[in-house]
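Examining the three-dimensional arrangement
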Amino acid sequence: GEDWDAWQAAMLETVVKSQRRGGDEKGSWDPPPAPDDRGGGRVWSTATMELCLEVYYRYDRFLLAR
């Protein structure tokens, strides 16, 4: 429905397009800026983005196609 469409659009914009495409960091995601430098870093950021992408494999494709 509408909620899925909004979520998927945000995913494509934020997650897929922001993945590193080259260099030593290829395939990872940059960590968000942390004003107090307590962010989780590249590993945390990449793990979080991977979990977001997992939804495409956790739910029945028929349900996703609606």
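Structure: see above.
Description of the structure in this document. If you're wondering where the values come from, they're calculated on a predicted model, not measured in any experiment.

Overview of the overall build of the chain
Looking only at helices and strands, the chain features four helices and zero strands. Reading the secondary structure of the chain in the N-to-C direction produces α-α-α-α. Among the 66 residues that make up the chain, the fraction classed as buried is 15%. Intrachain contacts of the chain at a sequence separation of at least 6 include 33% that bridge at least 24 residues. Taken as a whole, the chain presents about 5,400 Å² of accessible surface, with 55% of it coming from carbon and sulfur.

Some thoughts on helix α2 (residues 41–53)
Taking 1.5 Å of rise per residue, 13 residues should cover 18 Å, and α2 covers 19 Å from first to last C-alpha, within 8% of that figure. Among the residues of α2, Ser45, Thr46 and Met49 are the ones counted as buried. Seen end-on, α2 carries its buried residues on one side only, within an arc spanning 95°. The outward face of α2, more than 90 degrees from its buried face, is lined by the exposed residues Val43 and Leu51. On the buried face of α2, the contacting elements are α1 (2–16).

Focus on α1
Its 15 residues place the ends of α1 20 Å apart at the C-alpha level, agreeing with the 21 Å of an ideal helix rising 1.5 Å per residue. Every buried residue belonging to α1 is among Trp4, Met11 and Val15, and all of these are buried. In a view along the axis of α1, the buried residues occupy a sector of 40°, so they form one face of it. Away from its buried face, by an angle of more than 90 degrees, α1 presents the exposed residues Glu2, Ala6 and Glu13.

Cut-off values and rules
Residues numbered from 1 in each chain as written. Predicted model: local features only at pLDDT ≥ 70, side-chain atom pairs only at ≥ 80, totals over all residues. Heavy atoms only, no water. Helix = DSSP H or I, 4+ residues; strand = E, 2+ residues; numbered from the N terminus. Buried < 20%, exposed > 50% of the residue type's maximum accessible area, 1.4 Å probe, protein only. Contact = heavy atoms within 4.5 Å. Areas by Shrake-Rupley, 256 points an atom, 1.4 Å probe, with all protein chains shown as cover. Expected span 1.5 Å × (residues − 1). Arc of directions from axis to C-beta.

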